[in-house]
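# Report on the structure
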Amino acid sequence: MPTANAYAAPSATGDLTLTTIERREVGPHDVHIDIKFAGICHSDIHTVRGDWGPQQYPLAPGHEIAGIVTEVGSDVTKHKVGDRVGVGCMVNSCKECKNCLAGEEQYCLKGNVGTYGSVDRDGTITQGGYSSNVVVNEDFVVNIPEGLDLDVAAPLLCAGITTYSPLHHWGAGPGKKVAVVGLGGLGHMAVKIAHAMGAEVTVLSQSLKKMEDGLALGADHYYATSDPSTFEELGGTFDLIINTVSASLDISAYLQLLSLDGTLVNVGAPPEPLPVNAFALIGARRSFAGSAIGGIRETQEMLNFCAEHGLGAEIEVIPASKINEAYERVLASDVRYRFVIDVSTIG
Ligand code: NAP
Ligand code: ZN
């Protein structure tokens, strides 16, 4: 069985360390990718620490993968050796249910196969992108357009698509007031993308510490949610709110910031329930929604949109030896705005 070097968590509490994982042989429809960069998403931390349920260890996370194709299976038509490619949060789905056929593989009725910690359709447990290489079915590999460097493109595979998809679905654009809650990995991409779509963008952050950055990323306004006057001043303002916060929030207070028919889309995935006061919805025919990443077709569309608008992630590139330190900084909201692992340091 071919192998890869990887950084993996040995348990829910142990530090990630260098280890060797198995990769399957390249099958007829598989693409072998030499990984160059892998982003660190807050979901990696939720998963390895068991926030969302028990895991099988060792577990190598990483679902913001950018690299180069080094081998293709005999029946592969979508990619060739030398292509610059990306892999996001899923590596397979049933491909035949209503949602898969609609290009929404993330909502596969049989469950999509996550890039790590999932049982693949051949029965093996998937391992993620904090590793030297990966073998992925060609349908779940996207092309990274020229003009987007691989390091700044890696975070687009999750942070980019997870914010692009709801912004697109709920019609962010000229004349629309969009608020982004939380200026981290997802939040900063939401600001860039909503601005590029032509919306009027407001950041709602815990403090004003990152205000200068937020305005430079394309926000028109910036407020601190620790200041109670923010909620009085902005009542009934927004058409769309994208909540990217990784912890539980008082959702009803944020719903009050929506205008008539406005929608608050939760992309943040805290382990705890998010209780909602019915009157916060009833009072202005508001909606409380959720959204998961995006389909493969839409992921390619997002990458093309980002290339066209010159949008990459704001990143801090780190060697693999700094992964555990980076996790602590993400947990302390001390990230500007995505840690990206230089995979050449994994060996
Ligand atoms: P991140 O980089 O850590 O950003 C989260 C931001 O939320 C922080 O930078 C901080 O922004 C704010 N925040 C953190 N703790 C907070 C608290 N206790 N109260 C208020 N605000 C707080 O994380 P990320 O990688 O963007 O991921 C965000 C969430 O989205 C995670 O739960 C992740 O699992 C989830 N996610 C979901 C999907 C999906 O498909 N739906 C995909 C990817 C990730 P400020 O400092 O500006 O307040
Ligand atoms: Zn992610």
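Residues numbered from 1 in each chain as written. Chains lettered and ligands numbered in written order. Predicted model: local features only at pLDDT ≥ 70, side-chain atom pairs only at ≥ 80, totals over all residues. Heavy atoms only, no water.

Along strand S8 (residues 133–137), five of the five residues are buried, which leaves the element largely enclosed by surrounding structure. The alternating pattern of S8 places Asn133, Val135 and Asn137 and Val134 and Val136 on opposite faces, both of which are buried. As paired strands, strand S3 (residues 30–39) and S8 are joined by five bridges and run antiparallel to one another. Note on S8: the bridge partner recorded for His32 is Val135. (Buried < 20%, exposed > 50% of the residue type's maximum accessible area, 1.4 Å probe, protein only. Helix = DSSP H or I, 4+ residues; strand = E, 2+ residues; numbered from the N terminus. Pairing = 2+ DSSP bridges.)

Moving on: the domain arrangement of the chain. The domains assigned to the chain are domain 1 (3–158 + 312–345) and domain 2 (160–290). Once you take the C-alpha centre of each, domain 1 and domain 2 turn out to be 27 Å apart. Tallying the contact residues gives 15 residues for domain 1 and 18 residues for domain 2. Contact with domain 2 buries surface across domain 1, with Cys158, Arg336 and Tyr337 losing the most and accounting together for 38% of the total. Run the count over domain 1 and domain 2 and you get two salt bridges. (Domains from an automatic or database assignment. Contact = heavy atoms within 4.5 Å. Buried area = accessible area lost by both parts, 1.4 Å probe. Salt bridge = Lys/Arg side-chain N within 4 Å of Asp/Glu carboxyl O.)

On to the site of ligand 1. The environment of ligand 1 is formed by 30 residues, the closest being His42, Leu183, Ser205, Lys210 and Arg338. Between Gly185 and ligand 1, the recorded distance is 2.9 Å, taken from a backbone N or O atom to an oxygen atom. Here an oxygen atom of ligand 1 and a backbone polar atom of Ile293 are 2.9 Å apart. Its free accessible area being 920 Å², ligand 1 has 88% of it covered by the protein chains. Those elements that place two or more of their residues in the shell around ligand 1 are helix H1 (42–48) and helix H5 (185–197). The greatest single-element share of the shell around ligand 1, amounting to three residues, is contributed by H1. (Near = heavy atom within 4 Å. Polar contact = N/O pair within 3.5 Å; in protein donor to acceptor, adjacent residues only side chain to side chain. Areas by Shrake-Rupley, 256 points an atom, 1.4 Å probe, with all protein chains shown as cover.)

In this section: the layout of surface pockets. Vacant regions in the atomic arrangement are exposed by a probe of water-molecule size rolled over the atoms. When its volume is computed, the second largest pocket comes out at roughly 420 Å³. Put simply, the parts of the chain that give the lining of the second largest pocket at least two residues each are strand S2 (17–22) and S8. Broken down by class, the residue content of the lining of the second largest pocket amounts to ten nonpolar, five polar and four charged. (1 Å grid on protein atoms, 1.4 Å probe; cavity = no way out; pocket = protein on both sides within 12 Å on 5 of 7 lines; lining within 4 Å. Points joined across faces, edges and corners; volume = space filled by probe spheres on them. Nonpolar A, V, L, I, M, F, W, Y, C, P; charged D, E, K, R; others polar.)

Attention now moves to the coordination of the zinc ion (ligand 2). Protein ligation of the zinc ion (ligand 2) involves Cys41 (SG), His63 (NE2) and Cys158 (SG), the donor distances falling in the range 2.0 to 2.2 Å. Donor residues for the zinc ion (ligand 2) sit on one chain with the sequence pattern C-x21-H-x94-C. Note that Cys41 is positioned in the loop between S3 and H1 and His63 in the loop between H1 and strand S4 (65–72), a separation of 22 residues in sequence. With respect to burial, Cys41 and His63 carry one shared label: buried. (Donors = N, O, S within 2.8 Å, 3.2 Å for Na, K, Ca; no water.)

The next point concerns the nonpolar core. Counting 85 residues, the largest nonpolar core has Ile40, Tyr130, Leu167, Ile323 and Ile341 as the members making the most contacts within it. With seven residues, the single largest contributor to this core is H5. Mapped onto the domain boundaries, this core takes at least three residues apiece from domain 1 (3–158 + 312–345) and domain 2 (160–290). In contact with Ile341, not counting residues within four places along its chain, are Lys36, Phe37, Ala38, Ile40, Tyr130, Ile318, Ala320, Ile323 and Ile346. (Core = buried A, V, L, I, M, F, W, Y, C linked by side-chain atoms within 4.5 Å.)

Below, the discussion takes up helix H11 (residues 323–331). Buried within H11 are the following residues: Ile323, Asn324, Ala326, Tyr327 and Val330. Down the axis of H11, the buried set is contained in an arc of 155 degrees. They therefore lie on one face. Structurally, H11 contributes buried residues whose contacts are with strand S1 (3–8), H1, strand S16 (315–318) and strand S17 (338–342). Ser333 sits one or two positions beyond H11 and adopts a positive phi of about 55 degrees. (Arc of directions from axis to C-beta.)

Moving on to the sheet that holds strand S14 (residues 258–266). Judged by pairing direction, the sheet is parallel, and its six strands sit side by side in the order S12-S11-S10-S13-S14-S15 without closing on themselves. Two strands close off the open sheet at either side, each with one partner strand: strand S12 (221–224) and strand S15 (287–290). Each neighbouring strand pair of the sheet contributes to a mean axis angle of 20 degrees, computed without reference to strand direction. Relative to strand S13 (residues 238–243), strand S10 (residues 177–181) runs parallel, the two being bridged by four bridges. Residue pairing in the sheet places Val181 in a bridge with Asn243 of S13. Along the sheet, helix H4 (residues 159–169) makes contact with S10, S13 and S14, crossing S13 at roughly 160 degrees. (Axes fitted to C-alpha atoms, helices over the stretch in contact; angles between N-to-C directions.)

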